[in-house]
Amino acid sequence: METTIDSFVRNISARYGDVLSSRHEELEGVPQTPEAILPRLEYLQRSHPSARDITLGIGFCRLALHEPRASEAFEFLSSVTLSPLARFFLLITRMRFGAHDRAFVELRALLRETAVIFPDIAFPLFSAIAEANRCSGWCAMLPDGRLVAGLPDHAARDLTLRHDGKERPADLTLLAHPPGYQVWEIGNFTLPSHLPRIDILHEGRGLLGSGIDSRTVWTFEGFIEGATEGLSGWCRYPNNLAATDHIQIRIAEDDRTLFDTTVGQTGDERHDEPLWPEKPRTDFIIPWHDLQGDRTPAVKVTDRFGRAFYGSPLDPLAGGRYARTQAEWVATQFPSTHPTAVRPSFNQPFPTLYTPRFAVPETDAPTISARRVAVIIPVYRGYEVTRTCITLVLQHRGPNERVVIVNDCSPDERITAFLDTLADLDGVTVLTNARNGGFTFSSNRGLRTVERDEDAILLNSDTLPPSHWIAALRRTVYRAPDIGTATPLSNAATIFSYPRADGQNPVPIYEEVVETAKRLAACESDALIDVPTAHGYCMYIRAECLHQTGLLREDVFAQGYGEENDFSRRAAALGWRHVACLHTFVGHAEGQSFSAVRNDLIRRNLATLNGLHPGYDRMVQAWQARDPLRPFRRDLDLSRLRHAIAGRPVVALLTHDRQGGVQRFVTERARENLAAGRVPLIISPHRSGNEGAGWTIIPFLPEDYPNITAPRKGAELRTLLLDLGCSRIEIHSYIGAGIRDVHWVSRSGIDYVVYLHDYSWFCPRITLVSHNNLYCGEPARDVCQRCVADLGPLNSDDAPLELLRDLSNDLFRRAGAIIASCQDVADRYRRHIDAPITLGQWEPPVPTHPATFLPKAPDEMRRILLIGAIGIEKGYNILLALARHVADHDLPMRFVIIGYTCDDPRLLATGVVEITGRYGEHELAALIRHHPCDWGFLPAIWPETWSYILTEFWRRDIPVITFDIGAPAARVRATGTGLAVPLHLPIASLATVLLTPWLLRIH
């Protein structure tokens, strides 16, 4: 068994290596063995972290190499996608490393939820797991819907089949005979179209896997839309890798079958199960001539079990008919000398870019508090969020507010049972669709119950409404007689999102929703912000607007995405306004039911919207560019921040707009300030859109405050800092903002100190690296000016060298302190800027030990470790020359880079370099353990002001070789933790040092 599975895994790994090589050019030329390809796959994974095919390849290679860490790849894929393949190989991994109990739990779920793959291996694997856990047998579903059961050789062959409340004996036919087991096909079973739960019993007890959920095994995903050539779309059964995809098309009006076919490969054409992290989509186009040509009517598109594709029903040629009718209408306005008799009755598309403002007559409208409201909640999936949402709505509703729940034929029995408990409550109506009709259909069914004088709220079932939410929406709508809809702010509601305007906010816990809603209510803003569209997650609709505009277009927008936008533009064409409600906040989990087809629906429906309402997307983009809600979000952030500060002292940390060691240091300084009882504000430059150059102020607190900005020019930043109680500024860099603006900040009257992280205060090239990518030696000022003129500055500043140094001198003279990391940095600065410099602590002390370079035999391989991002200043060119020298002379030396370089391919091409790719700080320790090396190498060619990488070497007691320049060399000499070698050592000599460092005297 083990030998069979081992050869199977090796074969799969080799096959999949070929597949990956055809997709990723970085794998070309790499031997397709697990040993050779695994390091390159791990490198690629860091460059392409979302590439699941690479993750699967890593799992295959590790499993083939008997590495227990194979489970990490398969576990990850199983958690993020429907991947029967990953789950199957996770079972193999569990059994290989003796985790029988975990294999039992995972196999039970696999058998219930997926169809069998690789039966020649699966049958003995399932049997081995069942035997190891003393089960009486196992059962599963084959890709074509047949049932199979595995029983021990000695077991009686009496199985009972149960589904739909009925039992019958199973007719058995021997299918396979793995060691110690017999696998039987159940012949008297045909899978019903309603996909029931199926139990298979042996002597009255369920087999392992019994309770097969055929609806989950045959989980269906599909999307359909009209295209030029015909009906276009995709479909798949993600839990049934070998199943064929089937399409049925019926006329929507009378349900007559128009088309019935299988798409993609048939079972006979599939020689192997697909090796994909998740089952690929089957793309298809059904030409118009296979339907009814240009007379094709509105249709319903379903799979073999009658389940609708997303996008169905649809009228695929409606756009063509619409365009034809419009063309005929234009012909009547501009006729030729001999026009035809066509006289169509037609309304042009709604003019998005021209929204009329009609006078709204005064009416005897009811008082705001007396206006009745119907809350419409379509329900489908998501039991927990649905139950929470409806419970909150019922908890917070008032006497004039009723609830209409539309059950869109939910497949979750818990949801149906919960709704049954609500059916008899006063003010609650539960409607149930006979078939799943989609969000728009269900919304319309609820909206049809709305009375003439009753407002409506469309509410998603995954929302978290706070108390008084309906009253806040109602007050907003009735602030003007022409307001048709109001939408509240939320964590995930496109243009209504807060705190981040892009909607990339975590789903809040309910206490956070309540707190934000209270803060909004307390703001008492009188702003009335018009928006281009309401948002259907929570849309309050005035009765007059609803009845004049009509319902949502279920013929066009089917399951959702775009129906409220179309409604809003139709209402706008009739003179109704749409506004944001700034007095409440409704939490939103957003779009969980549409995850597989979300992007397709959005793309298709946006195109449809632009067809129905020309210029729609440009209008929304223009509104987003103006961002009328930005000042309000900023004020709300500041309100929350003042509450969070609660009288504590505030310190501002001014930094640049780049990544690297400066940002790491600033983050550590923020942590230290926070631990000392101060609130840190991290200030960095930005430039965006209509705001122009400005400052972004990010409080270093657990909460998110992304909207606090100030213009770069003027006194607003100073005013804001003083208002927040800031009494100290730490200046860490001027890069990105410019020396002039940071000098202006230094004159704000707030005490400040300066930290020295590089040489940008007197060198526009920042690192003192000049021609030929070499350390410049800090020459006279006229030479510096020629260098900058020839090579250009790297500090994103156009200030001339003289002005840069003058402003830096003035800023330094007035500083409370100028802090350098070590004496080497202080000495270099004193040669250029006349100001007192003190030494500070960049990191907490790390215990160090004298370096020990253990001798190696002449032919014994040396593995040399480099860490971080290796660019030109960090010694890339020297490293490349070294690698080529090692390869050309076949030296016993290999380089391991935990990180990446400015040109990975050239280094990898030498064959003596391994690169892991980008890493997170939390991963570094594990990566160093996983890539054991003999000693470290710091090849930086500029006088670095610190080196976090050196500290990492020290933490792991790894001796280090570095060039004799800058802070790293000074630290190595002071601690005796390695070698400091001359900067301009010839490559051959440097290679000798790296090969035999124990022969040199440590100095």
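Residue indices follow the written sequence of each chain, beginning from 1 at its first position. Note on the predicted model: pLDDT of at least 70 is required for a residue's local features to be given, and 80 or more for side-chain atom pairs to be given and counted; whole-chain, interface and lining totals, by contrast, use all residues. No hydrogens and no water enter the side-chain calculation; it runs on all heavy atoms of the structure.

1. Here's the deal with the overall build of the protein
Heads up, the condition is: What counts as a helix is a DSSP run of H or I of at least four residues, what counts as a strand is a run of E of at least two, and both are numbered from the N terminus. Here the term buried applies to any residue with accessible area under 20% of the maximum for its type, exposed to any over 50%, and partly exposed to those in between, with areas from a 1.4 Å probe on protein chains only. Should any heavy atoms of two residues lie within 4.5 Å, those residues are considered in contact. For accessible areas, the Shrake-Rupley method is used with a probe of radius 1.4 Å. Any residue's cover is judged against the shown protein chains and nothing else. None of His or the chain ends enter the tally, which takes Lys and Arg as positive and Asp and Glu as negative. All charge positions are set by atom: Lys at NZ, Arg at CZ, Asp at CG, Glu at CD.
Of regular secondary structure, the protein possesses 32 helices and 38 strands. Dimensions of the protein along its principal axes, counting C-alpha atoms only, are 90 × 85 × 70 Å. Buried positions account for 54% of the 1003 residues belonging to the protein. Contacts spanning at least 24 positions in sequence make up 70% of the contacts within the protein whose residues lie at least 6 apart. Accessible surface, the protein: about 43500 Å² in total, of which carbon and sulfur atoms supply 51%. Taken as two groups, the 105 positive and 120 negative side-chain charges of the protein have centres that lie 3 Å from each other.

2. A few points about the sheet that holds strand S36 (residues 935-938)
Heads up, the rule is: Any two strands are treated as partners once DSSP identifies two or more bridges connecting them. The convention used is that axes are lines fitted to C-alpha atoms, helices contributing only their stretch in contact, and that angles between N-to-C directions extend from 0 to 180 degrees.
Taken together, the six strands give an open sheet; going across it, the order is S35-S34-S33-S36-S37-S38, and neighbouring strands pair in parallel fashion. If you trace the sheet from one side to the other, it starts and ends with strand S35 (913-915) and strand S38 (978-981), each paired once. Taken pair by pair, the neighbouring strands of this sheet meet at an average axis angle of 25°, ignoring direction. The sheet contact formed by strand S37 (residues 960-963) and S38 spans four bridges and is parallel. Residue pairing for S38: phenylalanine 963 is matched across the bridge by valine 981. Contacting strand S33 (862-870), strand S34 (893-901), S35, S36 and S37, helix H27 (residues 876-888) runs over the sheet at an angle of about 150° to S34.

3. Digging into unusual backbone geometry
Following serine 312, the chain continues into proline 313 via a peptide bond in cis, with omega recorded as 0°. Between tyrosine 498 and the following residue, proline 499, the backbone shows a cis peptide bond with an omega angle of 5°. Its place among the elements puts proline 499 in the loop between strand S21 (483-489) and helix H14 (510-523). For aspartate 164, which is not glycine, the phi torsion reads 55° and is therefore positive. Mapped onto the fold, aspartate 164 is located in the loop between strand S3 (159-163) and strand S4 (166-169).

4. Digging into the packing of aromatic side chains
Put simply, the rule reads: Here a pair means two rings of Phe, Tyr or Trp (six-membered ring of Trp) with centres within 6.5 Å. Their orientation is stacked below 30 degrees between planes, edge-to-face above 60, and tilted elsewhere.
With the rule as written, the count across this model stands at 29 aromatic pairs. Ring geometry for phenylalanine 60 versus phenylalanine 89: centroids 4.8 Å apart, planes at 70°, classification edge-to-face. Of this pair, phenylalanine 60 sits in helix H3 (residues 52-64) while phenylalanine 89 sits in helix H5 (residues 84-96), placing them 29 residues apart in sequence. Where phenylalanine 89 meets phenylalanine 118, the ring centres are 6.1 Å apart and the plane angle is 75°; that geometry is what we call edge-to-face.

5. Examining a negative patch on the surface
Our working definition: Grouping into patches uses exposed residues only, defined as over 30% relative accessible area, and leaves out salt-bridged ones; the cut-off is 9 Å for like charges and 5 Å for nonpolar side chains (Val, Leu, Ile, Met, Phe, Trp, Tyr). By definition here, a salt bridge exists when the distance from a side-chain nitrogen of Lys or Arg to a carboxyl oxygen of Asp or Glu is within 4 Å.
Together, Glu511, Glu512, Glu515 and Glu703 line one region of the surface with negative charge. Its location among the elements puts glutamate 511 in helix H14.

6. Notes on the nonpolar core
What counts here: By nonpolar core we mean a set of buried residues, namely Ala, Val, Leu, Ile, Met, Phe, Trp, Tyr and Cys, connected to one another through side-chain atoms within 4.5 Å.
Of all hydrophobic cores here, the largest spans 90 residues; its most connected members are Phe88, Phe89, Phe118, Phe126, Trp138 and Phe895. Ranked by residue count, the leading element in this core is H5, at eight residues. Residues contacting phenylalanine 89, with those up to four places away along its chain left out, are Phe8, Val9, Ile12, Phe60, Leu63, Phe74 and Phe118. In this structure, Leu638, Leu717, Leu721 and Ala835 belong to the second largest nonpolar core, which totals 59 residues.

7. With respect to the pairing of S37
Operational definition: With the strands aimed away from the viewer, a crossover counts as right-handed if its path from the first strand over the helix to the second runs clockwise.
Residues of S37 alternate between two faces, with Val960 and Thr962 on one and Ile961 and Phe963 on the opposite face, all of them buried. Bridging between S36 and S37 involves three bridges; their strand directions are parallel. Across the sheet, the residue bridging to glycine 936 is valine 960, located in S37. As a crossover connection, the stretch from S36 through helix H30 (residues 948-955) into S37 is right-handed. On the question of chirality, the crossover connecting S37 to the parallel S38 by way of helix H31 (residues 966-975) is right-handed.

8. Observations regarding the packing of helix H23 (residues 739-746) against helix H25 (residues 801-814)
Rules: Just so you know how the angles are binned, under 35 degrees is roughly parallel, over 145 roughly antiparallel, 65 to 115 roughly perpendicular, and the rest oblique. The sense of a crossing depends on the near helix, which, turned anticlockwise from the far helix by less than a right angle, makes the crossing left-handed and, turned clockwise, makes it right-handed. Put simply, Ala, Val, Leu, Ile, Met, Phe, Trp, Tyr, Cys and Pro go in the nonpolar bin, Asp, Glu, Lys and Arg in the charged bin, and everything else, Gly too, in the polar bin.
Contact geometry for H23 and H25: axes closest at 10 Å, N-to-C directions at 20°. In terms of axis orientation, H23 runs roughly parallel to H25. Remark: the crossing between H23 and H25 carries left-handed chirality. Touching Ile739, Arg740, Val742, His743 and Ser746 of H23 are Leu803, Leu804, Leu807, Ser808, Asp810, Leu811 and Arg814, all from H25. In terms of residue class, the contact of H23 with H25 is made up of six nonpolar, three polar and three charged.

9. So, the pairing of strand S10 (residues 221-226)
With five of six residues buried, S10 is to be regarded as a mostly interior element. As paired strands, S10 and strand S11 (residues 230-236) are joined by six bridges and run antiparallel to one another. By the bridge assignment for S11, phenylalanine 223 is matched with tryptophan 234. Between the end of S10 and the start of S11, which pair antiparallel, lie three residues.

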